[in-house]
Amino acid sequence: KESKESKEEFDAAILDFTDMPVTGFFSIDFYRSLKALLAPHGALIQNMGSSGTELREDFGLHAEVFDAVYPVRAFIPDYHSPYILAWSTQQLDPLRVDWDLWARRRIETRYYSRELHESLFVPALDVAQQLGLDV
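Definitions and cut-offs
Residues numbered from 1 in each chain as written. Predicted model: local features only at pLDDT ≥ 70, side-chain atom pairs only at ≥ 80, totals over all residues. Heavy atoms only, no water. Helix = DSSP H or I, 4+ residues; strand = E, 2+ residues; numbered from the N terminus. Contact = heavy atoms within 4.5 Å. Buried < 20%, exposed > 50% of the residue type's maximum accessible area, 1.4 Å probe, protein only. Polar contact = N/O pair within 3.5 Å; in protein donor to acceptor, adjacent residues only side chain to side chain. pLDDT = per-residue confidence, 0-100. Pairing = 2+ DSSP bridges. Axes fitted to C-alpha atoms, helices over the stretch in contact; angles between N-to-C directions. Salt bridge = Lys/Arg side-chain N within 4 Å of Asp/Glu carboxyl O. Arc of directions from axis to C-beta. Core = buried A, V, L, I, M, F, W, Y, C linked by side-chain atoms within 4.5 Å.

J.: Before we move on, could you go through the overall build of the chain and cite the residues and values that matter?
T.: Counting its regular elements, the chain contains 6 helices and 4 strands. Start at the N end of the chain and walk to the C end: the helices and strands fall as α-β-α-β-α-β-β-α-α-α. Put simply, 63% of the contacts in the chain that link residues at least 6 apart link residues at least 24 apart.

Structure representation (structure tokens):
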């Protein structure tokens, strides 16, 4: 209810909830409320899991609310790999990165690189099928 009254917009919302499934909590109304908090270029990033019917259902809820939903592969030692995150947005293209900005700011990473970036958005065939993506 509070999100409907808020005029503040956010660039990102990160939903990190690993104790799935929580029946009834994640719903179309819940995701619409989150979407209302985001700027048009904003994104919701949510950890989804590694497998199971909940993965497809949760990904489908994002797809019903947002114009674009990208699966993101993550390799997390404590979870089965690949671990899937959902990157949901109205306008933001996660494949368009200002790498010159990274260079100017001297952003250094240990596990992430420019060369790795695009591949993170390409799920394995079995995962793409599980998510209901066209393959």
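There is more to say after this.
J.: Help me get a handle on the side chain of threonine 89, residues and values and all.
T.: With respect to the secondary-structure elements, threonine 89 resides in strand β4 (residues 83-89). For threonine 89, a relative accessible area of 1% corresponds to the buried category. A distance of 3.1 Å separates a polar side-chain atom of threonine 89 from the backbone nitrogen of leucine 92. Leave out the neighbours within four places in its chain, and threonine 89 touches Pro40, His41, Gly42, Ala43, Phe66, Asp67, Ala68 and Tyr70.

J.: Can you tell me about the confidence of the model for the chain, naming the residues and giving the values?
T.: Averaged over every residue, the pLDDT of the chain is 86; the share at 70 or more is 89%. Predicted confidence in the chain is weakest over helix α1 (residues 2-5), with a mean pLDDT of 55, and strongest over helix α4 (residues 99-104), with 95.

J.: Give me the lowdown on the sheet that holds strand β2 (residues 38-49), citing residues and values where you can.
T.: Strand order in the open sheet made by the 4 strands is β1-β2-β4-β3, with mixed pairing throughout. Only two strands of the sheet have a single neighbouring strand rather than two, namely β1 (10-15) and β3 (68-74). Within the sheet, the average angular offset between the axes of one strand and its neighbour, ignoring direction, is 20°. Judged from the 5 bridges that link them, β1 and β2 form a sheet pairing that is parallel. Bridge pairing in β2 links isoleucine 14 to isoleucine 45. Each of β1 and β2 touches helix α2 (residues 28-37); the most contacted strand, β2, lies at about 140° to it.

J.: Run through the pattern of salt bridges, naming residues and quoting values.
T.: Overall, the coordinates contain 1 salt bridge when judged by the stated rule. Between arginine 32 and aspartate 29 there is a salt bridge whose closest N-O contact spans 3.9 Å. In this pair, arginine 32 and aspartate 29 both sit in helix α2, 3 residues apart, roughly one turn of the helix. Residue arginine 32 is classed as partly exposed on the basis of its relative accessible area, which comes to 49%.

J.: Can you lay out α2 for me, pointing to particular residues and giving the numbers?
T.: When we look at burial in α2, the residues that qualify are Ile28, Phe30, Tyr31 and Leu34. Looking straight down α2, one finds that the buried residues subtend no more than 160° of arc, so they occupy a single side.

J.: Can you tell me about the pairing of β4, naming the residues and giving the values?
T.: Counting buried residues in β4 gives 5 out of 7 residues, a clear majority hidden from the surface. As judged from the 6 bridges shared by β2 and β4, these two strands associate in the antiparallel manner. Bridging across to β4, glutamine 46 finds its partner in alanine 86. Strand direction decides the pairing type here: β3 and β4, joined by 7 bridges, are antiparallel. Across the sheet, residue alanine 74 finds its bridge partner in β4, namely tyrosine 83.

J.: Break down the nonpolar core for me, citing the residues and quoting the values.
T.: Leu15, Phe30, Tyr31, Leu34, Leu44 and Phe66 are the most contacted members of the largest nonpolar core, which totals 20 residues. At the level of secondary structure, the elements contributing two or more residues to this core comprise β1, α2, β2, α3 (53-65), β4 and α6 (125-131).

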